[in-house]
Amino acid sequence: MMTRREWMRQAAGLTAVAAMPGLTSGRGLAHTSAKSGQAITGAGSLKAHAAARGLLTGCAVNAKVFREDEGFRKLLAEQYNIVVPENCLKWNMLRPTAETYSFADADSLVAFAEAHAMKVRGHNFVWHEAIPGWFAGTVIKDNAEKFLVDHIRTVGGRYKGKIHSWDVVNEAIWIPDGRPDGLRSSSPWFQMLGPGYIDLAFRTARATDPTALLTYNDYGIEYDNEEQGKKRAAVLALLRRMKADKVPLDALGIQSHLHAISKDGFGRGIRELIDGAKALGLQVFITELDVNDDTVAATDVAERDKVVADVYRSYLTAALEGPEVKAVLTWGVSDKNTWLNNGTKFRKQHPERLQRPLPFDPDYAPAPAFFAMRESFDKTKKRWEYVRSKRADQLKGLTGSYRAARLLDHGFEEPEEAAREQRRDRQREDPGEGDITQRGHLQTALIRSHGAGYA
Ligand code: XIL
């Protein structure tokens with residue numbers, strides 16, 4: 001077995017991360033914003049403002065940009081304490097053939113994150129999209145279970161202990177498919193394995209990497225309208241069903257691909273999601289935030305940016321009202337690289353104009369959305385204050401590390417009985433899990449880097 005240090009050295013050597021100048025120097029973000037004169041790095045960074053509240057903040061990282069752009073790497077290290085690979089852990093990127101894996105991009109991002117004390121989200125094990133060309137005809141009913149399990153064991157095993165949370169299953173609900181439970185029956189995984197593929201994936205993920213928070217991730221569930229209300233209800237019903245069946249599940253990921261112009265607001269919808277997750281003892285992550293501005297009529301960039309920032313502000317204000325949301329990640333960093341500008345699929349109204357959905361503009365200067373994020377973090381209560389005020393009695397008498405493990409594993413306001421049950425399950429799945437001292441130390445370390453107030 002390789003030690004952790006050896007693994008890091010190997011990963012860094014393989015991908016030449018160690019030689020990347022952006023790790024230590026190079027052109028990055030100016031330290032103050034030219035427009036506002038405010039400090040935007042160090043204590044002014046997104047991660048400093050987030051950490052002061054016990055929050056993680058991060059972004060999706062495009063492998064090509066990460067590889068080629070030193071300024072981008074510097075920006076990542078300055079601003080964020082968690083990253084998620086945009087594509088390189090998806091089947092089509094990771095598996096050039098049925099027999100081979102291509103880990104170089106993911107390895108280098110994980111090594112970079114470790115070198116900068118950032119956490120990593122894994123995205124994703126199972127999705128109906130990003131299926132490789134060789135898949136159809138090779139993966140069939142008879143071997144689909146083996147392919148799924150082997151994939152999770154191989155990929156999850158490689159990064160075991162290094163992943164904050166895995167999106168185990170992505171986008172499994174799709175109302176138009178017409179099933180009463182809302183499951184996406186058109187997914188190749190559903191077609192080959194039936195609805196059981198979801199539980200299988202989560203159970204395999206827990207057995208493979210017991211410290212990663214196992215997440216169900218979906219989109220189109222946060223707005224206050226009928227269509228999203230239906231999808232939201234189906235997602236929550238799925239999570240409830242999984243908990244009832246003792247499927248290991250720790251978090252709900254709300255993708256949050258928002259629109260600058262919408263007749264529907266946020267408030268009730270996001271509350272429903274968060275309350276539903278909380279009742280099941282789940283943490284909540286905002287996993288893919290961006291604001292599509294194609295429908296903004298204004299041609300002036302400053303005006304468009306303001307509309308986008310206002311959506312960031314109102315959404316995050318609603319999402320961060322309580323303590324349940326533990327991480328806020330945007331889908332990309334700068335408007336220079338956003339999936340919304342890949343082709344014109346998302347630029348129907350203004351195909352000639354590039355979208356500006358992210359917190360940094362194409363020159364890596366902070367956009368109004370950056371300031372909206374920071375202000376929203378500042379407004380939310382410190383996570384540990386909720387713990388101190390609301391759970392003081394329940395936590396009284398527990399040792400530091402045990403208490404720490406409870407907070408991270410089960411969220412802040414989980415009913416006592418559910419917490420006990422989940423602990424028993426984990427112990428059954430993996431007797432090592434029962435060693436609360438060992439687990440406590442690990443979690444305490446996580447909490448330390450997460451925010452001083454936890455320790
Ligand atoms: C997108 C990437 O950003 C694109 O580069 C890729 O071509 C397609 O996938 N929901 C998800 C993400 O869960 O994985 C998607 O990412 C965006 C929507």
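About the thresholds
- Residues numbered from 1 in each chain as written.
- Predicted model: local features only at pLDDT ≥ 70, side-chain atom pairs only at ≥ 80, totals over all residues.
- Helix = DSSP H or I, 4+ residues; strand = E, 2+ residues; numbered from the N terminus.
- Buried ≥ 20, exposed ≤ 12 C-beta atoms within 10 Å, placed from the backbone.
- Contact = placed C-beta atoms within 7 Å.
- Near = placed C-beta within 6 Å.
- Nonpolar A, V, L, I, M, F, W, Y, C, P; charged D, E, K, R; others polar.
- Pairing = 2+ DSSP bridges.
- Expected span 1.5 Å × (residues − 1).
- Core = buried A, V, L, I, M, F, W, Y, C linked by C-beta atoms within 7 Å.
- pLDDT = per-residue confidence, 0-100.
- Right-handed = clockwise from strand over helix to strand, strands pointing away.
- Axes fitted to C-alpha atoms, helices over the stretch in contact; angles between N-to-C directions.
- Parallel < 35°, antiparallel > 145°, perpendicular 65-115°, else oblique.
- Left-handed = near helix turned anticlockwise from the far one by under 90°.

Draft legend 1. How the structure looks around the overall build of the protein. In terms of helices and strands, the protein carries 18 helices and nine strands. Going through the 455 residues of the protein one by one, you find that 46% of them count as buried. Considering only contacts within the protein whose residues lie at least 6 apart along the sequence, 78% involve residues at least 24 apart.

Draft legend 2. View of the site of the ligand. Every residue near the ligand is listed here: E86, N87, N170, Y219, Q255, E288, W339 and N342. The class makeup of the residues in the shell around the ligand is two nonpolar, four polar and two charged.

Draft legend 3. Highlighting the pairing of strand 2 (residues 82-85). Residues I82 and V84 line one face of strand 2 and the alternating positions V83 and P85 line the opposite face, and both faces are buried. Summarising the sheet, strand 1 (residues 56-61) and strand 2 pair through four bridges and their orientation is parallel. Counted as the bridge partner of G58 is I82 from strand 2. When strand 2 meets strand 3 (residues 119-126), the two strands line up parallel, connected through two bridges. Bridge assignment links I82 to a residue of strand 3, and that residue is K119.

Draft legend 4. The arrangement of helix 6 (residues 104-115) in detail. Over its twelve residues, helix 6 extends 16 Å from the first C-alpha to the last, a length consistent with the 16 Å expected when each residue adds 1.5 Å. Within helix 6, nine of the twelve residues are buried, which leaves it mostly tucked inside the rest of the structure. Among the residues of helix 6, those classed as buried are D105, A106, D107, S108, L109, V110, A111, F112 and A113. Looking at the residues trailing helix 6, positive phi occurs at A117, about 55°.

Draft legend 5. Examining the environment of D310 more closely. Following the sequence through the fold, D310 ends up in helix 12 (residues 301-319). The spacing of D310 and A372 is 62 residues in sequence and 7.3 Å in space, taken between C-alpha atoms.

Draft legend 6. Quick peek at the environment of D167. Structurally, the position occupied by D167 is in strand 4 (residues 165-170). Classification of D167 by C-beta neighbours within 10 Å gives buried; the count is 27. Taking the C-alpha atoms as reference points, D167 and A205, 38 residues apart in sequence, are found 9.9 Å from one another. Other than its neighbours up to four places away in sequence, D167 contacts R121, G122, H123, N124, T215, N217 and G253.

Draft legend 7. Layout of unusual backbone geometry. Residue N124 is bonded to the preceding H123 through a cis peptide linkage, with omega at -10°. With respect to the helices, strands and loops of the structure, N124 is situated in strand 3. Phi at S256 takes a positive value of approximately 70°, unusual for a residue other than glycine. Relative to the assigned elements, S256 resides in the loop between strand 6 (251-254) and strand 7 (257-259).

Draft legend 8. A look at the nonpolar core. V83, V168, A201 and Y312 are the most contacted members of the largest nonpolar core, which has 104 residues in total. The element that contributes the greatest number of residues to this core is helix 12, accounting for eight residues. Those residues in contact with V83, other than ones at most four positions away along the chain, are G58, C59, V61, L76, L109, A113, M118 and V120.

Draft legend 9. Representation of helix 13 (residues 368-379) in the model. Compared with an ideal rise of 1.5 Å per residue, which puts twelve residues at 16 Å, helix 13 spans 17 Å between its outermost C-alpha atoms and is within 8% of the ideal. Restricting attention to buried positions, one finds in helix 13 the residues P368, A369, F370, A372, M373, R374, S376 and F377. Along its buried surface, helix 13 packs onto helix 2 (46-51) and helix 12.

Draft legend 10. The arrangement of the confidence of the model for the protein in detail. With 78% of its residues at a pLDDT of at least 70, the protein reaches an overall mean of 86. Low pLDDT, under 50, characterises residues 408-418; the stretch is placed with 22 contacts to residues that sit more than four places away or in other chains. Throughout residues 431-455 the model reports pLDDT below 50, and contacts reaching past four residues in sequence, or to other chains, amount to 41 contacts.

Draft legend 11. Main features of the pairing of strand 4. The buried fraction of strand 4 is high, at six of six residues. Handedness of the crossover joining strand 3 and strand 4 through helix 7 (residues 141-158): right-handed.

Draft legend 12. Representation of the packing of helix 10 (residues 226-244) against helix 11 (residues 268-279) in the model. For the pair helix 10 and helix 11, interaxial distance at closest approach is 10 Å and the crossing angle is 5°. Viewed along their axes, helix 10 and helix 11 adopt a mutual orientation that is roughly parallel. Contact residues: helix 10 offers Q228, G229, R232 and L236, while helix 11 offers G269, E272, L273 and G276. For the contact of helix 10 with helix 11, the residue count by class is two nonpolar, four polar and two charged.

Draft legend 13. Structural view of the packing of helix 12 against helix 13. Where helix 12 contacts helix 13, the two axes come as close as 8 Å, and the packing angle between them is 20°. Accordingly, the angle class assigned to the pair helix 12 and helix 13 is roughly parallel. Note that helix 12 runs across helix 13; the crossing there is right-handed. Counted together, D305, K306, V308, A309, Y312, R313, L316 and T317 of helix 12 and P368, A369, F371, A372, M373, E375, S376 and K379 of helix 13 form the full contact between these two elements. Tallied by class, residues from the contact of helix 12 with helix 13 come to nine nonpolar, two polar and five charged.

Draft legend 14. Representation of the environment of F103 in the model. Along the chain, F103 turns up in the loop between helix 5 (91-94) and helix 6. Given 18 C-beta atoms within 10 Å, F103 falls into the partly exposed group. Put simply, F103 and M93 are ten residues apart on the chain and 9.0 Å apart in space, counted from C-alpha to C-alpha.

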